[in-house]
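# Working through the structure, step by step
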Amino acid sequence: VVDLFEKTTTKVVVKNNEEVASNKRTIKLSSCERDLWIYDLSDKDYEVLLRIVEAEAGGEDETGKLLVANVVLNRVESEKFPDTVEEVVFQKEGNCYQFSPVGNGRYESVCISDETYAAVDRALQGEDLSEGALYFVSEKYADPEKLEWFHQKLTLLYSHGGHNFYG
């Protein structure tokens, strides 16, 4: 087993102006690992995918994280959405981001779990359980007005964990 990630310690400044050490992961990918991917992602797109999956599905099981990664990758492949992970994740409709953690700042503050790394790598290697889903929502946290749009405009495909997935 090859360890693909290296732990490093970095300094982070917090609001009360005290510096605290925190563990961060530096992504280390060998060329043979990328050879297992069916998607050609830049390092930046890989980081964006890891962050959005953690931000959206950090409390879900690995399958829930895989499904969120699948939806982002489905959008990249769809002609209805932009062509890169970064463009998909930061896409706005009017003044609203497509992925709420980008708008509310959670995207920037996540600490990516081992399970998220595993789920994202499974998605990049071609494992797709999404049934073609292009949207998902957590009804528990969704704005009722936005939730109504999902119910009226989309077809519910299935639910997993705290998310409903739509086509």
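Residues numbered from 1 in each chain as written. Predicted model: local features only at pLDDT ≥ 70, side-chain atom pairs only at ≥ 80, totals over all residues. Heavy atoms only, no water.

## Some words on the overall build of the protein chain
Definition in use: Every helix listed is a DSSP run of H or I at least four residues long, and every strand listed is a run of E at least two residues long, numbered separately from the N terminus. Under the scheme applied here, a residue whose accessible area is under 20% of the maximum for its type counts as buried, over 50% as exposed, and between as partly exposed, the area being computed with a 1.4 Å probe on protein chains only. It only takes one pair of heavy atoms within 4.5 Å for two residues to be counted as in contact. Per-residue accessibility takes into account occlusion by the displayed protein chains alone, with areas from the Shrake-Rupley method and a 1.4 Å probe.
Helix and strand counts for the protein chain come out as 8 helices and 7 strands. Taking all 167 residues of the protein chain together, 40% fall into the buried category. A separation threshold of at least 6 residues defines the contact pool for the protein chain, and within that pool the share at least 24 residues apart is 60%. Accessible area of the protein chain: about 9800 Å², with a carbon and sulfur share of 46%.

## Looking at the sheet that holds strand β7 (residues 163–166)
Note the following rule: Strands pair, by our definition, only if DSSP identifies at least two bridges between them. Helix axes are fitted only over the stretch in contact, all axes being lines through C-alpha atoms; the angle between N-to-C directions runs from 0 to 180 degrees.
An order of β5-β7-β6 is seen for the 3 strands of this open sheet, with the pairing classed as antiparallel. Looking at the sheet topology across the chains shown, the edges are occupied by β5 (135–137) and β6 (156–160). Neighbouring strand axes in the sheet, compared pairwise and without regard to direction, differ in orientation by 25 degrees on average. Sheet topology note: the β5/β7 ladder contains 3 bridges and is antiparallel. Bridge pairing links phenylalanine 136 to phenylalanine 165 in β7. On the sheet, helix α8 (residues 144–153) packs against β5 and β7 and is oriented at approximately 135 degrees with respect to β5.

## Some details on the pattern of salt bridges
Selection criterion: The working definition used for a salt bridge is a side-chain nitrogen of Lys or Arg within 4 Å of a carboxyl oxygen of Asp or Glu.
Scanning the entire structure with this criterion turns up 4 salt bridges. In this structure, lysine 65 and glutamate 115 form a salt bridge, with 3.0 Å as the shortest nitrogen-oxygen distance. One end of the pair, lysine 65, is in helix α3 (residues 62–77); the other, glutamate 115, is in helix α7 (residues 114–124), with 50 residues separating them in the sequence. Looking at lysine 65, the relative accessible area reads 2%, which means it is buried. Among the ionic contacts, a cluster of salt bridges with common partners joins Glu62, Arg122 and Glu127.

## Focus on α3
Residues spaced three or four apart along an α-helix point in a common direction, a consequence of the helix completing one turn every 3.6 residues. Threshold: The span you would expect from a helix comes to 1.5 Å times its residue count less one.
With 16 residues, α3 extends 22 Å between its outermost C-alpha atoms, agreeing within 8% with the 22 Å of an ideal straight helix rising 1.5 Å per residue. Counted residue by residue, α3 has 13 buried out of 16 residues, so it is predominantly covered.

## Comments concerning the side chain of serine 138
For clarity, the cut-off: The definition of a polar contact used here is a pair of N or O atoms within 3.5 Å, where within protein one atom must be able to donate a hydrogen and the other to accept one, and adjacent residues in sequence count solely through side-chain atom pairs.
If you trace the backbone, serine 138 turns up in the loop between β5 and α8. Within the structure, the side chain of serine 138 is placed 3.3 Å from the backbone oxygen of glycine 162, a separation counted as a polar contact. Residue contacts for serine 138: discarding those within four places in its chain leaves Gly162 and His163.

## Let's talk about a negative patch on the surface
Note the following rule: Patch members must show over 30% relative accessible area and no salt bridge, and they are joined within 9 Å when carrying like charges or within 5 Å when they are nonpolar side chains of Val, Leu, Ile, Met, Phe, Trp or Tyr. In summary, the charge assignment counts Lys and Arg as positive and Asp and Glu as negative, without counting His or the chain termini. One atom stands in for each charge, and that atom is NZ of Lys, CZ of Arg, CG of Asp or CD of Glu.
Where like charges cluster on the molecular surface, the negative patch consists of Glu79, Asp83, Glu86 and Glu87. Tracing the chain through its elements places glutamate 79 in the loop between α3 and α4 (85–89). Glutamate 79 sits in the exposed class, given a relative accessible area of 84%.

## Some points on the confidence of the model for the protein chain
Where we set the bar: A residue's pLDDT is simply how confident the predictor is in it, with values from 0 to 100.
Chain-level statistics for the protein chain give a pLDDT mean of 84 and a share of 80% at 70 or above. Contacts for the low-pLDDT stretch residues 1–24, under 50 throughout, to residues beyond four places or in other chains number 39 contacts.

## Let's talk about α7
Within the span of α7, buried status applies to Thr116, Tyr117, Ala119, Val120, Asp121, Ala123 and Leu124. Residue glycine 126 follows α7 closely and has a positive phi angle near 105 degrees.

## Section: the pairing of β7
Residues of β7 alternate between two faces, with His163 and Phe165 on one and Asn164 and Tyr166 on the opposite face, all of them buried. Linking β6 to β7, which pair antiparallel, is a turn of 2 residues; within it glycine 161 sits at a positive phi near 60 degrees.

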